[in-house]
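Reading the structure
Each chain, written out:
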Amino acid sequence: MISRLDDLEADLITRRARAVAEGWAGEIEGLDLTLQLLRAKRDDTHHRAQRPTVDLGIPTPRTAGAQ
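These notes cover the structure that comes with them. What you see is a predicted model, and the numbers here were worked out from it, not measured in a lab.

1. A short note on the overall build of the protein chain
When helices and strands are counted, the protein chain shows two helices and zero strands. On C-alpha atoms alone, the protein chain measures out to a radius of gyration of 22 Å, which is more than a quarter above the 11 Å that the 2.2 N^0.38 rule sets for 67 residues. When its C-alpha atoms are laid out on the principal axes, the protein chain stretches across 75 × 20 × 15 Å. Looking at the protein chain as a whole, 15% of its 67 residues qualify as buried.

2. Some details on helix 1 (residues 2-22)
With 21 residues, helix 1 extends 30 Å between its outermost C-alpha atoms, agreeing within 8% with the 30 Å of an ideal straight helix rising 1.5 Å per residue. Taken residue by residue, helix 1 has Leu5, Glu9, Leu12 and Ala19 as its buried positions. Take helix 1 and look down its axis: the buried residues cluster within an arc of 85°, on one side only. Of the exposed residues in helix 1, those oriented more than 90 degrees away from the buried face are Ser3, Thr14, Arg18 and Ala21. Where helix 1 is buried, its residues touch helix 2 (25-50).

3. Comments concerning the environment of proline 52
Along the chain, the position of proline 52 falls in the segment after helix 2. Under the relative-accessibility criterion, proline 52 is labelled exposed at 73%. Distance from proline 52 to aspartate 32, taken between C-alpha atoms, is 33 Å for residues 20 residues apart in sequence.

4. Brief notes about the pattern of salt bridges
The full count for this structure, using the stated rule, is six salt bridges. Across the pair glutamate 9 and arginine 42 runs a salt bridge whose closest N-O atoms are separated by 2.4 Å. Placement of glutamate 9 in helix 1 and of arginine 42 in helix 2 is noted, with a sequence separation of 33 residues between them. Each member of the pair, glutamate 9 as well as arginine 42, is classed as buried. For the salt bridge of arginine 15 with glutamate 27, the shortest nitrogen-to-oxygen distance reads 3.8 Å.

What counts, and where the lines are drawn
- Residues numbered from 1 in each chain as written.
- Predicted model: local features only at pLDDT ≥ 70, side-chain atom pairs only at ≥ 80, totals over all residues.
- Heavy atoms only, no water.
- Helix = DSSP H or I, 4+ residues; strand = E, 2+ residues; numbered from the N terminus.
- Rg over C-alpha atoms; globule rule 2.2 N^0.38 Å.
- Buried < 20%, exposed > 50% of the residue type's maximum accessible area, 1.4 Å probe, protein only.
- Expected span 1.5 Å × (residues − 1).
- Arc of directions from axis to C-beta.
- Contact = heavy atoms within 4.5 Å.
- Salt bridge = Lys/Arg side-chain N within 4 Å of Asp/Glu carboxyl O.

This is the structure in structure tokens:
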């Protein structure tokens with residue numbers, strides 16, 4: 001997933017450069033916001049990938065007499 005986010009960031013940077021060249025102020029603002037959110041998501045995803053997994057075990061069925 002992180003590599004896909006990197007690809008999206010590269011595309012957004014390219015689109016932002018074109019928006020700057022064309023003078024599209026509203027588009028630049030929208031792309032800046034999207035880039036900010038994408039980078040936050042990538043950082044969060046990277047942080048979550050570093051956390052160890054937790055083994056929850058395999059659930060067992062309850063016996064007829066247990067409450």
